[in-house]
Amino acid sequence: MSKNIHQLASDNLKVLAIAMVEKANSGHPGGPMGGTDYMHILYTEFLNFDPDDMTYPHRDRFFMDAGHLSALLYAQLYFFGKYTKDDLANFRQWGSCTPGHPEVDVKRGIENTSGPLGQGHAMGIGAAVAEKFLTTRFGNWMGHNIYSYISDGGVQEEISQGVGRIAGFLGLNNLIMFFDSNDVQLSTKTDEVTVEDTAKKYEAWGWKVKTIDGHNHDQIRRAIQEAKDEEEKPFLIIGRTIMGKGAVDENGDPYEGAVEMHGKPISGTKASYEKTIEHLSGHVDHPFEIYPEVSDYYEEIISKKRLWAADRRKEEAAWRGVNPELGTKLDLFLSGKIPEIDFSEVAHKENSASREASAAVLGFLADKVENLIVSSADLANSDKTDSFLKKTTAFRNGDFSGNFMHAGVSELSMAAMANGMALHGGVIPVIGTFFIFSDYQKPAFRLSALMELPVKYLWTHDAFRVGEDGPTHQPVEQETQLRLMEKVKNHSGKRSLLALRPADSAETSVAWKMAFENTKGPTGLIFSRQGIKDLPPIGSNRFEEALGAEKGAYAVTEESNPDVVLVGNGSEVATLISAADILSAKGIKSKTISVPSEGVFREQPQSYQDELIPTDKPVFGLTAGLPLNLEGLVGPKGKVFGLDHFGYSAPATVLDDKFGFTPEKVALEVEKYLG
């Protein structure tokens, strides 16, 4: 019996995936072979996009979680002309646009970078929140669906619980997730590690769930349509699939479902590469060809998608004609920029904790930047994001009229969802938690950096001065991790992350200003729990002087010929200034430098760096974290006084004294250094 066009297209996708992995001698062929039926039906009959402009903002989105299925995604987009035969043949090779795991490339149809399992579908859930936020404000004409694709490994990763709970709680009925349930993972069958009932788990979170034969095209169609029609809940389609579907051995007998099919070329398994290609109607000598019948069919599909895009654009134009002011606002939202803001107008209380100063900024911005989505991991009243919440409302099931998301205790989930919001566009995500819990977020902010996403990470309780909560809550090495990330360049050759630890309220306002101006990567804002003395202005305007932070470092006291240069950031700067007064009484002249971001400072002209921190002067650094934070700044002859141990449970003032962070003890350390 001859194959119908849908089976032929599905088999063509299998051949392409097999061939990519075979030629690269590296990759994952079995999973892609099992997913081709769903992908073909989804992309041809349901996923709406403009094939001539994949960046069109009002398109459906497809978020891949199972990044090891990259060959499947590239093959599918090859059918739409987004990749060439050579691109597929250079899979996983230097300089190719087909890396081993997908990297965000919207013009080619890749919506997200994926690979670390669990985060891809979390991004999809964040994108679904962004879509709900925007349609609430601009109308259902721009509504679209978010599709995601997850595997057994993604379901097992703990992040799936956090984002699954949130999606169900919020009633994200615009979210349709396909679970490629083939019961095989990289080293075992799934029944060797889990016996959970995935359907019941998602139902308990508030999802609608349907289980189907993932190779039956009619069942796939009906399931997706049912998901599109669902009005109250996110929808999980559990597709029962077969790892390595379509593979045969040398005798032409099926060889499917084996663990070994997961992670190596099929020629390295008991399956036959040549026989499998032939079985799937391909040509061993030309495995990267699109079958003529498939090519013709996809040309028809491309024409249909062009008609959809034209209709959507007409609908948008009509809406803009009636709503010109809303159209202008939508353009601003989609630009990623914010209205012109005078951050000098933010009113601060004297000697505030920088978390309180941050709260003042957020409260100031609440009615000025309408597309902020601020979120907190059950800490809004402690990380002070509640200053923003007081001027808006939190999202509720089916209600996205506010600007705040209570994420619950799920820092990683919140961060990965923020990445999805940023990828979707139109919103600016700000997420808050304690600095110590940035450890939970590291996988997500690493992807923020890799994808160049302008997520704003707000971290409070920045040092051992958390006090009585003890060592589990006292950051010691966390700032060092961020400073290392500041040294890592992204694929655009730029600093991949901006980390800012402001020294007082004025610097906090400037730090937020810098965060919103940083639209090409994430920003980490590190704030104190305890009050910080406002730095005394050299002249008459402390805010104007604090704008020096935009260079990464600047002098906060003046001395033309210092005996020692004092360097720090955050609350340690005020301590250094107090220590400088003690040193001055002993005849020791000093200049104090605030360095909220070494990364930005190192991008300044060398002349500025040398003028600010001379190489021919003694340099003393003070940090509440590891000495490594400042060692690059003080130089080989400098001295850093920091913390090389975990904290203890005691009041902050006691810890300052015990650890040597009082002005008097710091002054003694400087004298000791100077000899």
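Worth saying up front: this structure is predicted, and the values here are computed from it rather than measured.

The rules behind the values
Residues numbered from 1 in each chain as written. Predicted model: local features only at pLDDT ≥ 70, side-chain atom pairs only at ≥ 80, totals over all residues. Heavy atoms only, no water. Helix = DSSP H or I, 4+ residues; strand = E, 2+ residues; numbered from the N terminus. Rg over C-alpha atoms; globule rule 2.2 N^0.38 Å. Buried < 20%, exposed > 50% of the residue type's maximum accessible area, 1.4 Å probe, protein only. Contact = heavy atoms within 4.5 Å. Areas by Shrake-Rupley, 256 points an atom, 1.4 Å probe, with all protein chains shown as cover. Polar contact = N/O pair within 3.5 Å; in protein donor to acceptor, adjacent residues only side chain to side chain. Pairing = 2+ DSSP bridges. Right-handed = clockwise from strand over helix to strand, strands pointing away. Core = buried A, V, L, I, M, F, W, Y, C linked by side-chain atoms within 4.5 Å. Axes fitted to C-alpha atoms, helices over the stretch in contact; angles between N-to-C directions. Phe/Tyr/Trp six-rings, centres within 6.5 Å; stacked < 30°, edge-to-face > 60°. Lys NZ or Arg CZ within 6 Å of the ring centre and 35° of its normal. Patch = residues over 30% accessible without salt bridge, like charges linked within 9 Å, V, L, I, M, F, W, Y side chains within 5 Å. Salt bridge = Lys/Arg side-chain N within 4 Å of Asp/Glu carboxyl O. Lys, Arg positive; Asp, Glu negative; His and termini not counted. Charge placed at Lys NZ, Arg CZ, Asp CG, Glu CD. 1 Å grid on protein atoms, 1.4 Å probe; cavity = no way out; pocket = protein on both sides within 12 Å on 5 of 7 lines; lining within 4 Å. Points joined across faces, edges and corners; volume = space filled by probe spheres on them. Nonpolar A, V, L, I, M, F, W, Y, C, P; charged D, E, K, R; others polar.

Q: Please provide a residue-by-residue account of the overall build of the protein, values included.
A: Of the regular secondary structure elements, the protein holds 25 helices and 16 strands. A compact globule built from 675 residues would reach a C-alpha radius of gyration of about 26 Å, and the protein, at 28 Å, matches this within 12%. Referenced to the eigenvectors of the C-alpha coordinate spread, the extents of the protein come out at roughly 95 × 60 × 45 Å. Within the span of the protein, comprising 675 residues, buried residues form 61% of the whole. At a minimum sequence separation of 6, the contacts of the protein that also span at least 24 residues come to 76%. Surface exposure of the protein reaches about 25900 Å², of which carbon and sulfur atoms provide 49%.

Q: Requested: an account of the side chain of Ser 272, with residues and values cited.
A: Relative to the helices and strands, Ser 272 resides in the loop between β5 (235–240) and α10 (273–279). Within polar-contact distance, the side chain of Ser 272 engages the backbone nitrogen of Lys 275 at 3.1 Å. Excluding its chain neighbours within four sequence positions, the residues that come into contact with Ser 272 are Val 248, Asp 249, Glu 250 and Ile 266.

Q: Kindly report on the pairing of β5, identifying the contributing residues and their values.
A: Burial analysis of β5 places five of its six residues in the buried class, which makes it a mostly covered element. Across six bridges, the pairing between strand β3 (residues 175–181) and β5 is parallel. Within β5, the residue paired with Phe 178 across the bridge is Ile 237. Note that strand β4 (residues 208–213) and β5 share six bridges and pair parallel. Within β5, the residue paired with Val 209 across the bridge is Leu 236. Note on the crossover from β4 through helix α9 (residues 217–229) to β5: the handedness is right-handed.

Q: Tell me about the nonpolar core, and name the residues and values.
A: Core analysis: the largest hydrophobic core is formed by 69 residues, its most contacted members being Tyr 43 and Phe 62. Of the residues forming this core, the biggest block, eleven residues, is contributed by helix α1 (residues 5–24).

Q: Kindly report on the sheet that holds β5, identifying the contributing residues and their values.
A: Ordered by their spatial adjacency, five strands build an open sheet running β1-β2-β3-β5-β4, and the pairing between neighbours is parallel. Sheet topology places β1 (61–64) and β4 at the edges, where each strand pairs with a single neighbour. Taken pair by pair, the neighbouring strands of this sheet meet at an average axis angle of 20°, ignoring direction. The strands that helix α2 (residues 30–45) touches are β1, β2 (146–151), β3 and β5; relative to β2, the one it contacts most, it runs at about 165°.

Q: Tell me about the packing of aromatic side chains, and name the residues and values.
A: All chains considered together, the criterion is met by 35 aromatic pairs. The interplanar angle of 80° and the centroid separation of 5.2 Å between the aromatic rings of Phe 80 and Tyr 298 together place this pair among those described as edge-to-face. Residue Phe 80 is located in the loop between α3 (70–78) and α4 (85–89), and its partner Tyr 298 is located in helix α11 (residues 292–322); the two are separated by 218 residues in the primary sequence. Just as Phe 80 is buried, Tyr 298 falls in that class too. Three or more aromatic residues link up through ring pairs in this structure, and these residues are Tyr 38, Tyr 43, Phe 49, Phe 62, Phe 79, Phe 80, Tyr 149, Phe 178, Tyr 297 and Tyr 298. The ring of Tyr 56 carries the charged tip of Arg 313 above its face, separated from the ring centre by 4.1 Å. Looking at Lys 368, its charged tip hangs above the ring of Phe 364, at a distance of 4.1 Å from the centre.

Q: Give me unusual backbone geometry: which residues, what numbers.
A: In this structure, Arg 92 is a non-glycine residue whose phi angle is positive, near 70°. Note that Arg 92 resides in the loop between α4 and α5 (119–138). Classification of Arg 92 as partly exposed rests on a relative accessible area of 27%. In this model, Asp 183 sits at a positive phi of 65°, which is unusual for a non-glycine residue. Looking at the element boundaries, Asp 183 is found in the loop between β3 and α8 (198–204). With a relative accessible area of 30%, Asp 183 lands in the partly exposed category.

Q: Just give me the short version of the sheet that holds strand β14 (residues 590–594), but keep the residues and values in it.
A: Judged by pairing direction, the sheet is mixed, and its five strands sit side by side in the order β12-β14-β13-β15-β16 without closing on themselves. Here the strands that pair on one side only, and so sit at the sheet edges, are β12 (554–555) and β16 (639–641). Most of the contacts of helix α20 (residues 572–585) go to β14, to which it runs at about 175°, and overall it touches β13 (564–568), β14 and β15 (619–622). In the packing of helix α25 (residues 663–674) onto the sheet, the strands contacted are β13, β15 and β16, and the crossing angle to β15 comes to about 150°.

Q: Run through a negative patch on the surface, naming residues and quoting values.
A: A grouping of Glu 293, Asp 296, Glu 299 and Glu 300 is seen on the molecular surface, where their side chains present a negatively charged patch. With respect to the helices, strands and loops of the structure, Glu 299 is situated in helix α11.

Q: Account for the layout of surface pockets, with residues named and values stated.
A: Its volume calculated, the largest pocket comes out at about 1100 Å³. As for the largest pocket, its lining consists of 43 residues, and the residues nearest its centre are Val 106, Leu 423, Met 451, Glu 452 and Leu 453. Put simply, the parts of the chain that give the lining of the largest pocket at least two residues each are α12 (324–335), α15 (411–424), β8 (428–434) and α16 (438–451). Of the residues assigned to the lining of the largest pocket, the class counts are 20 nonpolar, twelve polar and eleven charged.

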